Amino acid sequence: MGTGLTVVKCGGTAEVRAEAVCAGVARLVREKRPVVLVHGGSATVTELAGRLGVPLGELVAPDGTVSRRTDPATLEVVTLALAGKAKPALLLELARFGVPAVGLTGLDAGLLRARRKTALRTVVDGRTVVVRDDRSGRLTSVATPLLHALLAEGMVPVLSPPALAEDGLPVNVNADRVAAAVAAALDASRLVLLTGAPGVLADSADPGSLRARYQVGDGRDPAVGGGMTVKITAAREALEAGVGDVRIADGRFTDTVADALDGLGGTRIVGAETTRRTPR
Ligand SMILES: Nc1ncnc2c1ncn2[C@@H]1O[C@H](COP(=O)(O)OP(=O)(O)O)[C@@H](O)[C@H]1O
Ligand SMILES: CC(=O)N[C@@H](CCC(=O)OP(=O)(O)O)C(=O)O
């Protein structure tokens, strides 16, 4: 199943090369294979916050999951960093490759809707407290008509957080999960999450320990930490929505990006069912 559409997501980390990502996207466009590019930019957020003197914070959930504390000033920086820095950089790179691309955030045409997280349990000095004023949210829907219209014109939508919450204000959402939700909503055939690592590593300190396949499970995997945890969650969400090929791959090199967009290399994420069908 699937529509032949590829959803590509890039971060984030300074090492992911816009040139490598955009060269891959440009090839798909030349081959008339439809593609949506979703991006984050947490490193850009950190850099811009430093320059603007806005302090950044973290929330640590009782299960140890770390996420960004999004107070109003941080939300402003996130919006500036993604819509004003990370996105133009990708659009310029795509223009260099002759790709007609349109930059969007979740606020355009109500593309990304989310429910604000009104009570976030977080651990401070060993005690669990509830944060009620955070401006982060959980995605609830993706509006597809504008994306379909752009794709029908041969254009590449370049989409990022923030999303629009039910109170009419923006909320911060994670870009990997945006990519998964977009892939699900558009019935994509492939989701490629590009990052600054070769894929999912058996030992995060050893770049040679790449896992060709990774089965998503119910429990926490001690080998997976940091930003990779949310990527695995996003990958699971896409698989559950029926996206056929979900992979986490290296966004630092032209050839690893090209391979991933062709369904090769990196780490293929599989659901429990797919793995059971695999001969031992
Ligand atoms: N098992 C693992 N395999 C690969 N990377 C891991 C693993 N555990 C933790 N990581 C870390 O997760 C990072 C990817 O997450 P992140 O930096 O948030 O990506 P991005 O900004 O591209 O969305 C890797 O660069 C690596 O430092
Ligand atoms: C809620 C949340 O975590 N939002 C992210 C949005 C950017 C992002 O996801 O960037 P990467 O893809 O580089 O991680 C943030 O504030 O960093």
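Just so it is clear, the structure is predicted and the values come from calculations on it, not from any experiment. (Residues numbered from 1 in each chain as written. Chains lettered and ligands numbered in written order. Predicted model: local features only at pLDDT ≥ 70, side-chain atom pairs only at ≥ 80, totals over all residues. Heavy atoms only, no water.)

Visitor: For this particular structure, what's the right way to read the overall build of the protein?
Guide: Each helix and strand counted, the protein has eight helices and 16 strands in total. A globule of 280 residues ought to have a C-alpha radius of gyration of about 19 Å, and the protein, at 18 Å, matches this closely. Considered along the principal axes of its C-alpha atoms, the protein spans approximately 50 × 45 × 30 Å. Looking at the protein as a whole, 45% of its 280 residues qualify as buried. Long-range pairs, those at least 24 residues apart, make up 73% of the contacts in the protein with a sequence separation of at least 6. Of the roughly 13200 Å² of accessible surface on the protein, 53% is carried by carbon and sulfur atoms. (Helix = DSSP H or I, 4+ residues; strand = E, 2+ residues; numbered from the N terminus. Rg over C-alpha atoms; globule rule 2.2 N^0.38 Å. Buried < 20%, exposed > 50% of the residue type's maximum accessible area, 1.4 Å probe, protein only. Contact = heavy atoms within 4.5 Å. Areas by Shrake-Rupley, 256 points an atom, 1.4 Å probe, with all protein chains shown as cover.)

Visitor: Hey, could you run me through the pairing of strand E10 (residues 156-160) in this one?
Guide: Where a strand is regular, its side chains alternate between the two sheet faces. Of all five residues in E10, five are buried, a share of seventy percent or more. The alternating pattern of E10 places Val156, Val158 and Ser160 on one face and Pro157 and Leu159 on the opposite face, and all of these are buried. One ladder, built from two bridges, connects strand E2 (residues 35-39) with E10; its direction is parallel. Note on E10: the bridge partner recorded for Leu37 is Val158. (Pairing = 2+ DSSP bridges.)

Visitor: What am I meant to see in the site of ligand 1 here?
Guide: In the vicinity of ligand 1 lie 18 residues, with Thr195, Leu201, Ala223, Gly225 and Lys231 positioned nearest. With respect to ligand 1, the side chain of Lys9 contributes an N or O atom lying 3.0 Å from an oxygen atom. Here Gly225 contributes a backbone N or O atom positioned 3.1 Å from a nitrogen atom of ligand 1. In isolation ligand 1 has 570 Å² of accessible area, and contact with the protein removes 80% of it. (Near = heavy atom within 4 Å. Polar contact = N/O pair within 3.5 Å; in protein donor to acceptor, adjacent residues only side chain to side chain.)

Visitor: Got a minute to help me understand the confidence of the model for the protein in this structure?
Guide: Segments scoring low in pLDDT should not have their predicted coordinates read at a detailed level. Averaged over all residues, the pLDDT of the protein is 94; the fraction at 70 or higher stands at 96%. Counting interchain partners and residues more than four positions distant, the pLDDT-below-50 stretch residues 274-280 has five contacts. (pLDDT = per-residue confidence, 0-100.)

Visitor: Explanation requested: the side chain of Thr267 in the structure shown.
Guide: Within the secondary structure, Thr267 sits in strand E16 (residues 267-270). The exposure class assigned to Thr267 is buried, which follows from its relative accessible area of 0%. Among the polar contacts listed, one links the side chain of Thr267 to the backbone oxygen of Arg211, at a separation of 2.6 Å.

Visitor: Looking at this structure, I do not really get unusual backbone geometry. What am I missing?
Guide: Most peptide bonds adopt trans geometry, and most residues besides glycine take a negative phi value. Geometrically, the link from Pro161 to Pro162 is a cis peptide bond, its omega value of 5 degrees lying close to zero. With respect to the element layout, Pro162 can be found in the loop between E10 and strand E11 (163-165). In this model, Lys32 sits at a positive phi of 60 degrees, which is unusual for a non-glycine residue. Secondary-structure assignment places Lys32 in the loop between helix H1 (18-30) and E2. Judged by relative accessible area, Lys32 falls into the exposed class, the value being 75%. For Ala109, which is not glycine, the phi torsion reads 55 degrees and is therefore positive.

Visitor: I tried to follow the sheet that holds strand E1 (residues 6-10) on my own but got confused; where do I start?
Guide: Neighbouring strands of a sheet are bound in pairs by backbone hydrogen bonds; such pairs are parallel or else antiparallel. Spatial ordering of the open sheet is given by E5-E10-E2-E1-E13-E15-E16-E14, a layout of eight strands whose pairing is mixed. Taken across any chain shown, the strands that pair with only one partner, and hence form the sheet edges, are strand E5 (101-105) and strand E14 (213-215). Direction aside, neighbouring strands of the sheet carry axes that sit 20 degrees apart on average. Here helix H3 (residues 72-96) sits on the sheet in contact with E1, E2, E5 and E10, set at roughly 165 degrees to E5. Along the sheet, helix H7 (residues 254-261) contacts E1, strand E13 (190-195) and strand E15 (245-250); its crossing angle with E13, the most-contacted strand, is approximately 160 degrees. (Axes fitted to C-alpha atoms, helices over the stretch in contact; angles between N-to-C directions.)

Visitor: Can you walk me through the nonpolar core in this structure?
Guide: Inside soluble globular proteins, nonpolar side chains tend to come together where they are buried. Counting 40 residues, the largest nonpolar core has Val7, Val182, Leu191, Ile232 and Ile269 as the members making the most contacts within it. For this core, the secondary-structure elements that each account for two or more residues are E2, strand E6 (112-116), helix H4 (145-152), E11, helix H5 (175-185), E13, helix H6 (228-240) and E15. Among the elements that make up this core, the one with the highest residue count is H6 (six residues). When neighbours within four sequence positions are excluded, Ile232 is seen to be in contact with Val200, Tyr214, Val216, Val224, Ile248 and Ile269. By size, the runner-up hydrophobic cluster in this structure holds 22 residues, among which are Cys10, Val35, Ala260 and Leu261. (Core = buried A, V, L, I, M, F, W, Y, C linked by side-chain atoms within 4.5 Å.)

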